[in-house]
Amino acid sequence: MTELKGLTAQQVEQSRAQYGSNALTHIPPEPLWKKVLEGFKEPMIMILLVALVVQVILFSLGQAEWFEPVGILVAILIANGVASVSECKQEGKASALKAEEEAKETAKVIREGRLESIHASEVVTGDIVFLQAGDRICADGEIVSGNIRVDQAALNGETEEAEKRPCEACESYDTNDLLNKSYAYRGTVVCGGEAYMETKVVGDRTLFGRLALEVQEETRATPLQVNLAALAGQISRFGYIGALCIIAGILARTFFTGTLPANAYGWVRLLLDAVTVAVTIIVCAVPEGLPMLTSILVSFQSLKMAKDNVLVHKINGLETAGSLSLLFSDKTGTITEGRLSVVEIVTGGMQSYSSLSDLPAPLLPHFVAGTGVNNSSNLSSDGAVVGGNSTDRALMSFLAGSNAVTALTKRDVRRFDAFDSFKKFSSVTISRDGAEVTYIKGAPEKIIARCTTCLDENGNAVPMPSKDEITGYMDAQAARSMRLLAVAMTRGSVDGDLTLICVISIRDNVRKEAVDAIREVRDAGIQVVMVTGDRKETAVAIAKEAGLIVSDDDLTLQSAELAAMSDDEIKAILPRLRVVSRALPADKSRLVRLAQELDLVVGMTGDGVNDSPALKKADVGFAMGSGTEVAKEAGDITILDDNFLSIEKAILYGRTMFKSIRKFLIFQLTVNVAAVLICFLGPLMGENVVMTVIQLLLVNLAMDTLAAIAFGSEPALREYMREKPIPRNESIVSREMFSQILLGALYITFVCLAILFVPPVRALFGDVDSTYLKSALFATFMMSITFNGFNARTSHINPFEGLGRNVNFILVMLAILAMQFIFVTFGGAPLSVEPLTPASWGVCFVLAFLVIPIDMLRKALLARR
């Protein structure tokens, strides 16, 4: 045929120049240096940079020690560097895997009348591509010769194979309809047959290419990024206002007490001291450890999640999973197993069997011959099923899982006729006991109508009972989204009367673990919506079995119904939506967009190219490990074992991370507020320097770094999955957290200032000088915030509950207590302290420890309310 001579070398070059290459465009990941620079734009890091500049200026003026700016610089580099390096490594692994896969892609094309194999990227528009079973189609094009069956699950999520054949002269088709009979698509796989395809579209203009490009678009900020940006603004305002108040307070006290400086130098010195204290307050108000904590948390939780078959390759995906409020899930391969399986076998006498071992022995050889010998697929030497269509592979897999496979032999086959779409059945004739027997397998409505007898449990042919009963059974199974096959036999002509062996129900089964996982996720307050390309009846049946549809109020829609609705109408019914059937890729992206406009935190699971745009657009995308590379690139988290339970674990780890950040904030902000109040009220009460700049910075840096390690190691508790999702616009500091921070800070402020200004408390330390009292104040401050860490780590009344599950926390708190003892005992003049007596240490310990029972009382009162 002249049309199959293919292109000449000159035509290939002309086509490539006119229509472009078949290579897909890949936006390269950002280099490490750019990620580091981008990190400096984070609000928290910017505040630290301002603090660093101020400290450098004070150091140059002789008002700060060298380690003060160095400490802040180290905090910045650790916080920014860890996250950037971690993300860069994960992207590198993903890119290497992708390049390895692309290197294997080849295509067989006819050029200048010869068949040759080339790399898929060299295919051009107009090329004639030869397609065989097992080939991955490399471009979009029209079938011009032959007939093939194609698995399009990567594009439309459906397990049923599509037939592709040449277009008749009077026929027309829509290339946007994946179920058309004549157009094949890049990324789909040939399951059977042979054909020649004329390439019509290549590269980024293919459906596969358009979807691949869409997943590389930018996404919106995560909930944690939004919350931290707001918190950074609040902390900045708090620090600046506090600093101005301290300067005003010191100047006001100077005027009111009449101790005005005598000369200009005195005024400069007074203002410099006031500004120094004010700048110290600003530095203390900034939780340097917060960016560091998020980096530690991501690294720590990612290591634990890898053991649970969850790969976090985009850093923000983990924390966003914890805030999830709506999850759009693909059906095939996610909620279901992604492959057809035999569910039930029913004989003509209406006896049902769920496994081959239950089948009566006299029926077994007939079943094996009718389903295994009469089969286009084969068992390889290692037990794998190869060839055939999805139905034949399901039957062969069912046989391979039992001893019946030993009876599976094709040496006695006299004739085999593969499945014919016109006859709707396949047949095999074998020689048995000196006679020929023909076994037929195919559409029940074609076969049962011709059955006059059926096999009983003893393998004897008996008159066929009323067909109404078995027809009613098949209707009920069809309503459960079962695919039905009838198996019959005859010792005469295949066109004559038949003997029914059985009716087989086949389906893409719901994963057993998915049912429990969906229930767990829903109990966590997360709405789950199944979005599938299957027909409505199949989708509803699967949704009911998976536990997605549990009441009459639950809503199911088809793609056409969705397209007919306005955005506002969809938003109104979204809370009741459970299933979208016959879904197109655009439907998934639209649903994600509308949910995000409602300020919901949206997740999407999937494994095919058709899922990729929505995976990318969603706040967090869960790609299945067995899915396409495009889907994995689009997702934030890859579920390596394709297990829905792993999604539930990812949500739990995300919630644990968010909880740890809140615990750290309670701890750190209590320290910061207490430090600001002490330094603000102290000068107003007559003591210009209550805690020195060096003391405050030592407290700040030590607490930030060590506390990040302590709270970053908090275990994942199942109780977190019984809480409702945190709204995207809710402040990261809740009302309960605010009350805890305020109460703790007020108590620590009161007890520390009481050591200096309340005579009964001063008397507890004996007749000592001001430096000794300030040493006791410093020791009490350090111990108070350490004990407050126990309050911060749990919302339960008992602050020591489950303490053994976080050994790092215990070690860190002991380390802080040891450090404060070393600071006070050996700090001397540089730290403006002097050693305390054992009795004084005891007083400091008691005063500091009281912060625990005070907060326990607060929690008890809130629990009663």
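Residues numbered from 1 in each chain as written. Predicted model: local features only at pLDDT ≥ 70, side-chain atom pairs only at ≥ 80, totals over all residues. Heavy atoms only, no water.

## Here we look at the sheet that holds strand β26 (residues 637–639)
Strand order in the open sheet formed by eight strands is β8-β26-β25-β24-β9-β21-β23-β22, with mixed pairing between adjacent strands. The open sheet has two free edges, formed respectively by β8 (310–312) and β22 (555–558), since each of these has just one partner strand. Adjacent strand axes in the sheet meet at a mean angle of 20°, parallel and antiparallel pairs treated alike. Pairing of strand β24 (residues 602–606) with strand β25 (residues 620–624), which is carried by four bridges, proceeds in the parallel orientation. The partner of M604 across the bridge, within β25, is G621. Where helix α16 (residues 536–546) meets the sheet, it contacts β21 (527–531), β22 and β23 (577–581), and its direction lies at approximately 145° from that of β23. (Pairing = 2+ DSSP bridges. Helix = DSSP H or I, 4+ residues; strand = E, 2+ residues; numbered from the N terminus. Axes fitted to C-alpha atoms, helices over the stretch in contact; angles between N-to-C directions. Contact = heavy atoms within 4.5 Å.)

## A word on the state of the cysteines
According to the stated counting rule, one finds zero disulfides in the structure shown. In this model C454 remains outside any disulfide bridge; the closest cysteine sulfur is found in C451, 8.5 Å from its own. For C454, a relative accessible area of 2% gives the class buried. (Disulfide = S-S within 2.5 Å. Buried < 20%, exposed > 50% of the residue type's maximum accessible area, 1.4 Å probe, protein only.)

## Topic: the pattern of salt bridges
Here the structure, examined in full by the defined rule, presents 23 salt bridges. Close ionic contact of R593 with D567 constitutes a salt bridge, the shortest N to O distance being 3.5 Å. One end of the pair, R593, is in helix α19 (residues 585–597); the other, D567, is in helix α18 (residues 567–573), and 26 residues separate them in sequence. A residue is classified by how much of its surface remains accessible, and R593, at 31% relative accessible area, is partly exposed. Note on D567: relative accessible area 27%, which makes it partly exposed. Each of the salt bridges in this network shares a partner with another, and the network as a whole consists of D567, K571, R590, R593 and E597. (Salt bridge = Lys/Arg side-chain N within 4 Å of Asp/Glu carboxyl O.)

## Regarding the environment of D151
The residue D151 is located in strand β4 (residues 140–151) in this model. You can call D151 partly exposed: its relative accessible area is 27%.

## Looking at the packing of helix α24 (residues 735–757) against helix α26 (residues 770–792)
For any two helices packed against each other, one specifies the inter-axial angle together with the distance between the axes. In contact at an axis separation of 9 Å, α24 and α26 are set at 160° when each is read in the N-to-C sense. Taken together, the axes of α24 and α26 lie roughly antiparallel to each other. As for the relative orientation of α24 and α26, their crossing is right-handed in sense. Residues Q740, I748, V751, C752, L753, I755 and L756 of α24 lie in contact with α26, whose contacting residues are L773, K774, A776, L777, T780, F781, S784, I785, N791 and A792. In terms of residue class, the contact of α24 with α26 is built from twelve nonpolar, four polar and one charged. (Parallel < 35°, antiparallel > 145°, perpendicular 65-115°, else oblique. Left-handed = near helix turned anticlockwise from the far one by under 90°. Nonpolar A, V, L, I, M, F, W, Y, C, P; charged D, E, K, R; others polar.)

## Some thoughts on the pairing of strand β1 (residues 106–111)
Bridging between β1 and strand β2 (residues 114–119) involves six bridges; their strand directions are antiparallel. When the bridges of β2 are listed, R111 appears paired with R114. Taken together, β1 and the strand that follows it, β2, pair antiparallel across an intervening segment of two residues, in which E112 is found at a positive phi of about 55°. Judged from the three bridges that link them, β1 and strand β3 (residues 128–132) form a sheet pairing that is antiparallel. Bridge pairing in β3 links V109 to V129.

## Thoughts on the nonpolar core
Core analysis: the largest hydrophobic core is formed by 115 residues, its most contacted members being I335, F622, I637, F644 and F781. Among the elements that take part in this core, helix α22 (residues 644–684) stands out by supplying 20 residues, more than any other. Look past the residues within four positions of I637 in its chain and what remains in contact with it is V310, L311, V312, H313, G317, L318, A321, V620, G621, F622, A623 and A650. V342, L359, V437 and L455 belong to the second-largest nonpolar core, a separate cluster that totals 27 residues. (Core = buried A, V, L, I, M, F, W, Y, C linked by side-chain atoms within 4.5 Å.)

## Digging into the packing of aromatic side chains
If you walk through the whole model with that rule in mind, you get twelve aromatic pairs. Ring centres 5.6 Å apart and planes at 50° place the aromatic pair F667 and F711 in the tilted group. Of this pair, F667 sits in helix α22 while F711 is found in helix α23 (residues 693–712), placing the two residues 44 residues apart along the sequence. The pair formed by F667 and F711 is uniform in burial state, with each residue classed as buried. Between the aromatic rings of F845 and F849, the centroid separation amounts to 6.0 Å while the plane-to-plane angle is 10°, which identifies the pairing as stacked. One end of the pair is F845 and the other is F849, both in helix α29 (residues 838–849) and four residues apart, which spans about a single turn. With a relative accessible area of 40%, F845 lands in the partly exposed category. Of the aromatic side chains, those joined through ring pairs into one cluster are F667, F711, F790, F800 and F809. Across the ring face of F809, the terminal group of R793 is positioned such that the distance to the ring centre comes to 5.8 Å. (Phe/Tyr/Trp six-rings, centres within 6.5 Å; stacked < 30°, edge-to-face > 60°. Lys NZ or Arg CZ within 6 Å of the ring centre and 35° of its normal.)

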